[in-house]
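This is what each chain is made of:
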Amino acid sequence: MISVEELTKVILSCRTDISNKKLQKLAYYVYAWYLTIYGLQIADLTFEAWEHGPVSRTIYNRYRQYGWSVIPQYVGFVLVPNDKIKFIKGVIKYYGKFDADTLEKMTHNEMPWINARKGYSPHEASDAVILPKDMVEYYSQQKEILSIISDEIR
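## Remarks on the side chain of Gln-24
So, step 1. Looking at where Gln-24 falls in the secondary structure, it is placed in helix H2 (residues 20–38).
So, step 2. Assessed through its relative accessible area of 1%, Gln-24 is described here as buried.
So, step 3. Apart from residues no more than four positions distant in its own chain, Gln-24 is found in contact with Phe-47, Pro-54, Val-55, Ser-56, Ile-59 and Tyr-60.

Written out as C-alpha cells, the structure is:
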C-alpha cells in the first residue's frame, strides 16, 4: 500500500488540469479499480458520497485551499513502486481526459455512489461511506473499461 500523499502526487504528475474536484474523482477511480483488480487497497482511503460525487476527506482537506481552481502539477520524484505508478497512470489515461463535471456525472450514474446516497436528497450533505464491496461488485462488471485499463497496465 502507498500513502495518500504518494497517490495524489502521482496523479498530479500526470496532468495539468486537475482541480480538487477532479482529483477526488481520479483518486476514487484509481482506488476502485485497484481494489477490483487486485482485491487490495492502493492507499488507506475512505470515500464518502458527497453531493458532487465520491470524496476522500483526507484528500479534500489537503487540497481544499485551491477551491475550484487547478492544483499545480506535481513535478518531482515519488518513491512508489513502478507497478503502482503504471497502474495509476493507466487509470488516469482513461479517466483524465474527462473534466471534473463529467467525472461527477459519471459517478452519479454508478451503483456505488447511488447506493451510498440512498435516503439523501440530491443537494443534501452526506458523509455516507461508499462501500468497497459495492465498488468491486460494480466495477468488475464494467468489462469494456476493465479491458482498457488492463491493457494500459500491462
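## Considerations on helix H8 (residues 143–153)
Three or four residues apart is the spacing at which side chains of an α-helix point the same way, because the helix has 3.6 residues per turn.
So, step 1. Turning to H8, its buried residues number three or more, namely Ile-145, Ile-149, Ser-150 and Ile-153. An end-on view of H8 places all buried positions within 135° of arc, on one side of the element. Seen from the open side of H8, the exposed residues pointing more than 90 degrees away from its buried face are Lys-143 and Glu-144.
So, step 2. Among the structural elements, H2 and helix H4 (82–95) are those in contact with the buried residues of H8.

## Here's the deal with the packing of H2 against helix H7 (residues 132–139)
For any two helices packed against each other, the geometry comes down to the angle between their axes and how far apart the axes lie.
So, step 1. At a closest axis distance of 9 Å, the pairing of H2 and H7 adopts a crossing angle of 75°. When the axes of H2 and H7 are compared, the pair comes out roughly perpendicular. Each of Tyr-28, Tyr-29, Tyr-31, Ala-32, Trp-33, Leu-35 and Thr-36 in H2 lies in contact with H7, whose residues at this interface are Pro-132, Met-135, Val-136 and Tyr-139.

## Thoughts on the packing of H4 against H8
So, step 1. In the contact formed by H4 and H8, the axes pass within 8 Å of each other and the chain directions differ by 135°. Considered as vectors, H4 and H8 are oriented oblique to each other. For H4 against H8, the interelement crossing comes out right-handed. Between H4 and H8, the contacting residues are Lys-86, Phe-87, Gly-90, Val-91, Lys-93, Tyr-94 and Tyr-95 on the first element and Ile-145, Ile-148, Ile-149, Glu-152 and Ile-153 on the second.

The rules behind these values
- Counting of residues starts from 1 at the beginning of each chain's written sequence and follows it residue by residue.
- Local features in this predicted model are restricted to residues of pLDDT 70 or higher, and side-chain atom pairs are both shown and tallied only at a pLDDT of 80 or more, whereas totals for entire chains, interfaces and linings draw on every residue.
- Hydrogen atoms and water are omitted, and side-chain values are computed over all heavy atoms in the structure.
- Helix and strand labels come from DSSP, where a helix needs a run of H or I of at least four residues and a strand needs a run of E of at least two; each type is numbered from the N terminus.
- Whether a residue is buried, partly exposed or exposed follows from its accessible area with a 1.4 Å probe, protein chains only, as a fraction of its type maximum: under 20%, in between, or over 50%, in that order.
- What makes two residues a contact is simply this: any of their non-hydrogen atoms within 4.5 Å.
- The arc in question is formed by the directions pointing from the helix axis toward the C-beta atoms.
- Simply put, an axis is a line fit to the C-alpha atoms, just over the touching stretch for a helix, and the angle between two N-to-C directions goes from 0 to 180 degrees.
- Should an angle fall under 35 degrees it is called roughly parallel, over 145 degrees roughly antiparallel, and 65 to 115 degrees roughly perpendicular, with every other angle called oblique.
- Note on convention: the crossing is left-handed when the near helix lies turned anticlockwise from the far helix by less than a right angle, right-handed when the turn is clockwise.

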